[in-house]
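Structural overview
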Amino acid sequence: MDDSVSLSEGGCRVYTRAHFDKYSLLKNWTNYLVANSLNQTTFISSDGQNNPNLAIKGIIGVRAMGEISQIVGQADDASRFKDQASVMLQDWENQTIVLNHITSTYGQSASWGLIYNLFSDRLLKLDFIMQKIYDDQTAFYAVQIPTAGEYGVVYDSNAPGQVKSQWTMLTAATMTDNNTRDEIVSLVHARAWLNSSKLEFPTDYNATSGMATGTGGRSSPAQGAMFAFLALSLPDRGTQASAPSPSGAGGGNSKRTGSKRNIGAIIGGALAGVAIISLAGLCFLWKCRQKYKAQTLTPSLNPFYLHVDASAAGGSSNPHSLRKGDRNFHTQSAVDSPDPNTLVPRRRKSSLHRHSRSHRTPTHSPSNVIEPSPVSVPPTSEPRDATPASSTTRNLRNEVENLRREMEEIRAQWIYGDEAPPEYE
């Protein structure tokens, strides 16, 4: 193991990888903590060097490994790590506790700091640290709060005026007195609501002004310590694991495999649902498109009707009695409702006759102009109070109607010759 590895990182790895299946790797890390937690001379840490606060983190890590070894069925390792942790804790107490508080530097009885690493014992529910230590530290911080800055208690007496928000919150979570706990938290809360700075809420700042110091830890994940109280309130769900395999793997493989299977089933179900919804949508669009095509491409047939005035055909009800020279007919669309007695089918002329007429030069002499024949208006029953004025109006309407019919006949002759377009039955 490389001595340049941070002892702080080693302790954190033991905490966070309790269910990691590389048992042998965890065991190596723990052996490193046993050898270097109390005597910190060959590594670098954010907590500093030769620091009692850092030492207790490593000692708690060794004790946690004893629990891990017991869970995976390594009884010998579990007993050994627990015994080593107890011996190390006793040595640590002898070197760091002076009167009623823990010193922040070995050999400096007046030094003090936020011993936030005690939080690990609370979080893992090890009950490894004596309750008296927690009570003494709580009483000591209660004395320091009145002289603290507006935005927090300094994290170390050797760094006057400097506050670390994450250390403050973790320390507050170890307090045994609610009033002291709330006063410490209120100082951090005041800095979080400080509006004099446009920058992010820093982890490192001045206790009096609230201004960030150095890089200030802006947008740092260390601010996750704000959830320290929430983490302590989580229920203990227990831990189950099987003994590690000869290759060193832990007992978490079956759980990991089951978890992967569950995830695969969830993903598969989600994809299947999306596919079904997409297919249904495509079918709906296809049907709508087919319906639209059917409506737009269906031809609309308007049959041609030949309307004949029976009175103009000599008063005969037989439609075939219409003479060739008679012109009293007009076209009528299928929209009208023609009288079946006045519909006369037109006969197609032979192709030879049509051919001969197609070569006939049309003349426009007055003798060829077809004179409108008088159209007899069928008698209607007039009301008793009919007047000459109403009769005149009716006659004028009839004349206009006859004139319109004649114009339609002339237009039809120019287009079709002497015969109307074929009739559809």
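To start, this report covers the structure provided alongside it. (Residues numbered from 1 in each chain as written. Predicted model: local features only at pLDDT ≥ 70, side-chain atom pairs only at ≥ 80, totals over all residues. Heavy atoms only, no water.)

1. Structural notes on the environment of Asp91
Counting through the fold element by element, Asp91 comes out in helix H4 (residues 75-96). Judged by its relative accessible area of 33%, Asp91 is partly exposed. Distance in space between the C-alpha atoms of Asp91 and Leu38 is 8.2 Å, their sequence separation being 53 residues. (Helix = DSSP H or I, 4+ residues; strand = E, 2+ residues; numbered from the N terminus. Buried < 20%, exposed > 50% of the residue type's maximum accessible area, 1.4 Å probe, protein only.)

2. Regarding the packing of helix H2 (residues 23-36) against helix H3 (residues 52-71)
Look at H2 against H3: their axes get within 9 Å of each other, and the N-to-C directions meet at 145°. For the pair H2 and H3, the crossing hand works out as left-handed. For the pair H2 and H3, contact is made by Tyr23, Leu26, Lys27, Thr30, Leu33 and Val34 and by Gly58, Gly61, Val62, Met65 and Ser69, respectively. Grouping the constituent residues of the contact of H2 with H3 by class yields six nonpolar, four polar and one charged. (Axes fitted to C-alpha atoms, helices over the stretch in contact; angles between N-to-C directions. Left-handed = near helix turned anticlockwise from the far one by under 90°. Contact = heavy atoms within 4.5 Å. Nonpolar A, V, L, I, M, F, W, Y, C, P; charged D, E, K, R; others polar.)

3. Quick word on the pattern of salt bridges
If you walk through the whole model with that rule in mind, you get ten salt bridges. We note a salt bridge from Asp77 to Arg80, for which the minimum N-O separation is 3.6 Å. Residue Asp77 and its partner Arg80 are both found in helix H4; the two are separated by three residues, about one turn of the helix. Judged by its relative accessible area of 9%, Asp77 is buried. In the salt-bridge network here, residues are joined through shared partners; they are Glu401, Arg404, Arg405 and Glu408. (Salt bridge = Lys/Arg side-chain N within 4 Å of Asp/Glu carboxyl O.)

4. Looking at the packing of aromatic side chains
Counted according to the given criterion, the structure contains five aromatic pairs. Measuring from ring centre to ring centre gives 6.1 Å for Phe140 and Tyr141, while their planes differ by 65°; the resulting arrangement is edge-to-face. For the ring pair Phe201 and Tyr205, a centre distance of 6.4 Å and an interplane angle of 40° mean the geometry is tilted. We classify Phe201 as partly exposed; its relative accessible area is 23%. Given the relative accessible area of 0%, Tyr205 is considered buried. Linked through ring pairs, Trp112, Phe140 and Tyr141 together constitute an aromatic cluster. (Phe/Tyr/Trp six-rings, centres within 6.5 Å; stacked < 30°, edge-to-face > 60°.)

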